[in-house]
Each structure stands twice: as structure tokens, then as C-alpha cells.
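So the chains spell out like this:
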Amino acid sequence: MSRVQKFLGAILPSSWMAAMEADSRRWVFDCDCGQSASIWDIGGIRSKAAGSPRKWVKCPHCGQSTWRPLRWAK
């Protein structure tokens, strides 16, 4: 877990944190290496969000950093 995730986990009720983790795990990006990763897996939080943003992310599988569109995985 990232520092932000740990901090929020310490101050928020566990039910809120569980809901934020579930939402964050549904927001994923696809890398050129063929792997997908969720925002939660790379240390981020994206809860109660909408749209199709592009974020600068580092793939946990290959280590490549680049702008990637996020998508909602149902």
C-alpha cells in the first residue's frame, strides 16, 4: 500500500476504505506489454469518479512510464 492509502486507511472508517479500494480496483489501464493494472495496484485511489482520464502511470509489470487512458472495468 502507498503512503496515501495507508494514511486514509488510518483515518477513515473501514467500510469507507473498503468501498474506495473496490472502486479503485475497477479503474484499470492497459500497457503495451499486454498487461493490465488497476489504479489501486500502483498505489493510487480513484473513488466515485467518472470520465475517461489519461494519467501518467508506471506499469508494475514492465516498468514503462507513459500517459495511459484509464477505463472502468466492470
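Since this is a predicted model, take the numbers as computed values, not measurements.

**Here we look at the nonpolar core**
As a rule of thumb, nonpolar side chains are buried together in soluble globular proteins.
At step 1: In terms of nonpolar packing, the biggest core is built from 8 residues, these being W27, F29, C31, A37, I39, V57, C59 and L70.
At step 2: If we skip the residues at most four places from it in the chain, F29 touches Q35, S36, A37, I42, V57, K58, C59, P60, R68, P69 and L70.

**A word on the pattern of salt bridges**
At step 1: Counted under the stated rule, the structure contains 5 salt bridges.
At step 2: R26 is the salt-bridge partner of D23, the closest N and O atoms lying 3.3 Å from each other. Placement of the pair is D23 and R26 together in helix α2 (residues 14–26), with a separation of 3 residues, close to one helical turn.
At step 3: Among the ionic pairs, D41 bridges to R25, the shortest N-O distance being 2.9 Å. Of the two residues, D41 is situated in the loop between β2 (36–38) and β3 (54–58) and R25 in helix α2; the sequence distance between them amounts to 16 residues.
At step 4: The exposure class of D41 is partly exposed, given its relative accessible area of 46%.
At step 5: Under the relative-accessibility criterion, R25 is labelled partly exposed at 38%.

Analysis parameters
Residues numbered from 1 in each chain as written. Predicted model: local features only at pLDDT ≥ 70, side-chain atom pairs only at ≥ 80, totals over all residues. Heavy atoms only, no water. Core = buried A, V, L, I, M, F, W, Y, C linked by side-chain atoms within 4.5 Å. Buried < 20%, exposed > 50% of the residue type's maximum accessible area, 1.4 Å probe, protein only. Contact = heavy atoms within 4.5 Å. Salt bridge = Lys/Arg side-chain N within 4 Å of Asp/Glu carboxyl O. Helix = DSSP H or I, 4+ residues; strand = E, 2+ residues; numbered from the N terminus.

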